[in-house]
Each structure stands twice: as structure tokens, then as C-alpha cells.
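This is what each chain is made of:
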Amino acid sequence: MCALIPYVTTCKEVLLLVQLPFDEDLRSFEFPSPQEIESFQPTSSMENAAADIIQAMNLEEPDRNEEKKLHPKYIFDPIIQRFHTNVWYRILTGKTDIQEIDDELYELYFPDKKLLQKAKPAMDFFRQVSNLTEVEGITTGAKRQWDALSIRNEDNGNLLASTKVTKVSDLTPVEDFNSMIDNPDPSFADLAINQMKEVILNFVKSAVTNAFLVKAVDCMRALRNGCIKQEEPNVFNLFLKEVKKQAKLLGKEEFLELLDSNGIFSISNEEPTNPISTSSYQFVPEIKQQQQQVQSNSTEQEEDVADAEDLLADL
């Protein structure tokens, strides 16, 4: 799919062809902050090795007996060069087969061989201290083409449509929430979190049997994992206080017990950015013990403050 944009100057009137992306072509990559993950921090050996590579491949400051390697006027954009080459070829010959870039220009797109040979020891050392591992790529579906829009579904005869989840339903809240959280559009994550909070509150308020409370706990677990993935611990922690307050007012003590037994506690700063799976809650007693210790310390501080206030009142 393309758009034709008029472009008018004093000497020419043309239409600029601009290719438009499909929704699948847009990507919003969200990564955790490297400063918060210890395993992402480079060691001093890595930093020194990287500095050696930079110095070895310095184009602006050659050695005494070498010439300057960086010549901007001889650096060409390979995309533009190939485009111009094929345009001239079609004008002169009328043929449409794709032409390769000229060999002399092709060599200019790569670093100087002597420079690479000089930097090879530094590169080898960097590879050694960095312990680089190859990560397998994720296979994605093929991009949609223009002619694919005319393909009809054999089952119902309708045009193929997007199956994006846009709402957390009461029927399958966890599946809907996870689908929206994994959407590359960041706006879906905020929408999913807000909708999940509403669903949980509705489950707690309208719970007649424990089945609704169990479902609410499953939703709380999914919300907790989603907030960890989105690096929004405060959002979950504030909501956890709110939903506990509502449960106490409604007399739903069973819900509070289910939260504790399933390890649904506040998100601490020490927790990893990878969400905890439902099968890995066996270490909950340790977290619960830490929570109780914090609460105990807070209670002792409140008692000390109360004693001090009584003493001042006596005076």
C-alpha cells in the first residue's frame, strides 16, 4: 500500500511515492533499564576491551605512517546508489532486471582490510571477556501484501480481519489480559491494567461463593506478573492495598487468606523483571516472612511514637 504526495517546485511537478506500513510492521520494543539489572552491567574488562576496539578502529587519528581513513566525500549511501543505478539502467536500456552496485563503490561500503586486521586482536579479546552467545531468532508470520487483502476466509466468506483483544472480559480475564500486555502497542498495556483492576474489584464485590474469589486471585497473579513485565510495581502495590481494603469492608476474609496462600504480595525492588510463573510460588513463605518482618518493625515504630506522645502529654 502506497501514498502519492504531490511535490511542486518552480521547475517540476511530480508525485512522491511513499510506502505505507501495515500495523504488523510497527514495533514498539520495551526493554528493562540496564541500570536495574546486575547481570546487564559490564565488567571493567569488558569496558577496557571495548575501548581497545574503538581505539584500534579510529579513522580520524591514524598512525604516523598511515593516511587518514575517513573521507566523507567518498562515503555513499548504498540504497540511493543502487536506486540511481537501476533508474539509469531502465532509462538507457528499457529493461527492468535489477542491477548490482558497481564493484568499485561496493568496496567503499566496508572497512579497510588493513584496519580490520589491525583491530582483530582487540575484537578477539572482547569476544573472550564478553562471553557472547548467539540467540535464536523468533519466527514471525509473513508480512501482509496488498494482494492478500482480497483473500476471503473459506469458512465465513468475510475478509480476513485482525483478532486483537481490546477488552479484558469477565469470562476469560487472564487470557485477555496477557494478550493485551503482549501487544506491541504500549497503549494496550495501560488499558489492560486498568480493565483488569475493574474486573478484580467486580469479582470481589459480587462474590457469592469462593469460586469468584479464586478467579479474582488468578487475576491478581496475572496483574502482578504484568506489572512486573511493564516495570509498574507501584501500580500493583497501590491496587493491592485498595483491593484488600475493599475485601475487609465487605467481610471477604477468605479473599485475603487466598492472597496470602498464593503469594500475592507487594512487588519489591529486589524482584527480577521477569514475571513469576504460577508454578514457582513455592518460595512464598520466605517473601511472606520478609513482609511480616517489615510490618513488625513498622508496628514497633508506631508504639515508640505513641509512648513519646503520652510522655509529652504528661509533661
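Below is a short write-up of the structure. (Residues numbered from 1 in each chain as written. Predicted model: local features only at pLDDT ≥ 70, side-chain atom pairs only at ≥ 80, totals over all residues. Heavy atoms only, no water.)

## Brief notes about the overall build of the protein chain
Scanning the protein chain from terminus to terminus reveals 10 helices and 2 strands. Ordered by position in the sequence, the α and β elements of the protein chain form the string β-β-α-α-α-α-α-α-α-α-α-α. A burial count over the protein chain gives 20% of its 315 residues as buried. Restricting the contact set of the protein chain to residue pairs at least 6 apart, pairs at least 24 apart contribute 56%. (Helix = DSSP H or I, 4+ residues; strand = E, 2+ residues; numbered from the N terminus. Buried < 20%, exposed > 50% of the residue type's maximum accessible area, 1.4 Å probe, protein only. Contact = heavy atoms within 4.5 Å.)

## Side note on the packing of helix α1 (residues 44-56) against helix α4 (residues 113-130)
Where α1 meets α4, the axes come as close as 9 Å, and the angle between the chain directions of the two elements is 170°. It follows from the interaxial angle that α1 and α4 lie roughly antiparallel. Listed contacts from α4 to Ser45, Met46, Ala49, Ala50, Asp52, Ile53 and Ala56 of α1 are Leu115, Lys118, Ala119, Ala122, Met123, Phe125, Phe126, Val129 and Ser130. Considering only residue class, the contact of α1 with α4 consists of 12 nonpolar, 2 polar and 2 charged. (Axes fitted to C-alpha atoms, helices over the stretch in contact; angles between N-to-C directions. Parallel < 35°, antiparallel > 145°, perpendicular 65-115°, else oblique. Nonpolar A, V, L, I, M, F, W, Y, C, P; charged D, E, K, R; others polar.)

## Description of the pattern of salt bridges
Under the definition given, this model contains 5 salt bridges. For the salt bridge of Arg221 with Asp218, the shortest nitrogen-to-oxygen distance reads 3.2 Å. Here Arg221 and its partner Asp218 are both found in helix α7 (residues 210-229), 3 residues apart, which amounts to about one turn of the helix. (Salt bridge = Lys/Arg side-chain N within 4 Å of Asp/Glu carboxyl O.)

## Section: a negative patch on the surface
Together, Asp102, Asp103, Glu104 and Glu107 line one region of the surface with negative charge. Structurally, Glu104 can be placed in helix α3 (residues 103-108). Accessibility expressed as a relative area gives 63% for Glu104, which makes it exposed. (Patch = residues over 30% accessible without salt bridge, like charges linked within 9 Å, V, L, I, M, F, W, Y side chains within 5 Å. Areas by Shrake-Rupley, 256 points an atom, 1.4 Å probe, with all protein chains shown as cover. Lys, Arg positive; Asp, Glu negative; His and termini not counted. Charge placed at Lys NZ, Arg CZ, Asp CG, Glu CD.)

## A word on helix α6 (residues 186-205)
Between its first and last C-alpha, α6 extends 30 Å over 20 residues, near the 28 Å set by a 1.5 Å rise per residue. Buried within α6 are the following residues: Phe188, Ala189, Ala192, Ile193, Gln195, Met196, Val199, Ile200, Leu201, Phe203 and Val204. Buried positions along α6 lie against α5 (173-181), α7, α8 (233-250) and α9 (253-261). (Expected span 1.5 Å × (residues − 1).)

## Re the side chain of Ser130
Checked against the element boundaries, Ser130 lands in helix α4. Judged by relative accessible area, which is 13%, Ser130 ranks as buried. A polar side-chain atom of Ser130 sits 2.7 Å from the main-chain carbonyl oxygen of Phe126. (Polar contact = N/O pair within 3.5 Å; in protein donor to acceptor, adjacent residues only side chain to side chain.)

## Things to note about the side chain of Lys252
Here Lys252 is to be found in the loop between α8 and α9. As a buried residue without a salt bridge, Lys252 has its nearest oppositely charged side chain in Glu254, at a separation of 7.2 Å. In terms of polar contacts, Lys252 uses its side chain to reach the backbone carbonyl oxygen of Ala207, at 3.4 Å.

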